[in-house]
Amino acid sequence: CFYSTFTDLKNNISNSANEFNMQSDYKFNEKTDKDFLNEGNNYIKINKNFVINGNNHTIDANNKAGLGVFDLNGIITINDLTFENVIETSIKSETV
């Protein structure tokens, strides 16, 4: 089974306008996703209204990492997505 990495997920979300439709599962990879082990880097920052459509896919942290989604200036909507084996998951809204 092929998994995309956390780095792929962060890049895919960053490169999307207002919506991201997942087309694969994402799994933490120790070789490519080392930055997600560092507190302060283990999040995806979104500065706008944004929708993540999971399309029944999974984000698996492989019991190694946490994953946070931070909204600084908008509303984040997450649909049909499963988080597995995540040490810590947070979705925060902060006004800058």
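Since this is a predicted model, take the numbers as computed values, not measurements.

**Student:** How should the nonpolar core be read in this particular structure?
**Tutor:** Side chains of a nonpolar character, in soluble globular proteins, are inclined to be buried together. In this structure, Leu9, Ile13, Phe20 and Ile59 are the most contacted members of the largest nonpolar core, which totals 19 residues. Of all elements in the fold, only helix 1 (6-14), strand 3 (43-46), strand 4 (50-60), strand 5 (67-71) and strand 6 (76-84) reach the threshold of two or more residues within this core.

**Student:** Explanation requested: the environment of Asn79 in the structure shown.
**Tutor:** Inspection of the secondary structure puts Asn79 in strand 6. Placed 24 residues apart in sequence, Asn79 and Asn55 show a C-alpha to C-alpha distance of 7.5 Å. Not counting residues within four places of it along the chain, the set of residues in contact with Asn79 comprises Val51, Ile52, Asn53, Gly54 and Asn55. Among the polar contacts made by the side chain of Asn79, one reaches the side chain of Asn53 at a distance of 2.9 Å.

Calculation rules
- Residues numbered from 1 in each chain as written.
- Predicted model: local features only at pLDDT ≥ 70, side-chain atom pairs only at ≥ 80, totals over all residues.
- Heavy atoms only, no water.
- Core = buried A, V, L, I, M, F, W, Y, C linked by side-chain atoms within 4.5 Å.
- Buried < 20%, exposed > 50% of the residue type's maximum accessible area, 1.4 Å probe, protein only.
- Helix = DSSP H or I, 4+ residues; strand = E, 2+ residues; numbered from the N terminus.
- Contact = heavy atoms within 4.5 Å.
- Polar contact = N/O pair within 3.5 Å; in protein donor to acceptor, adjacent residues only side chain to side chain.

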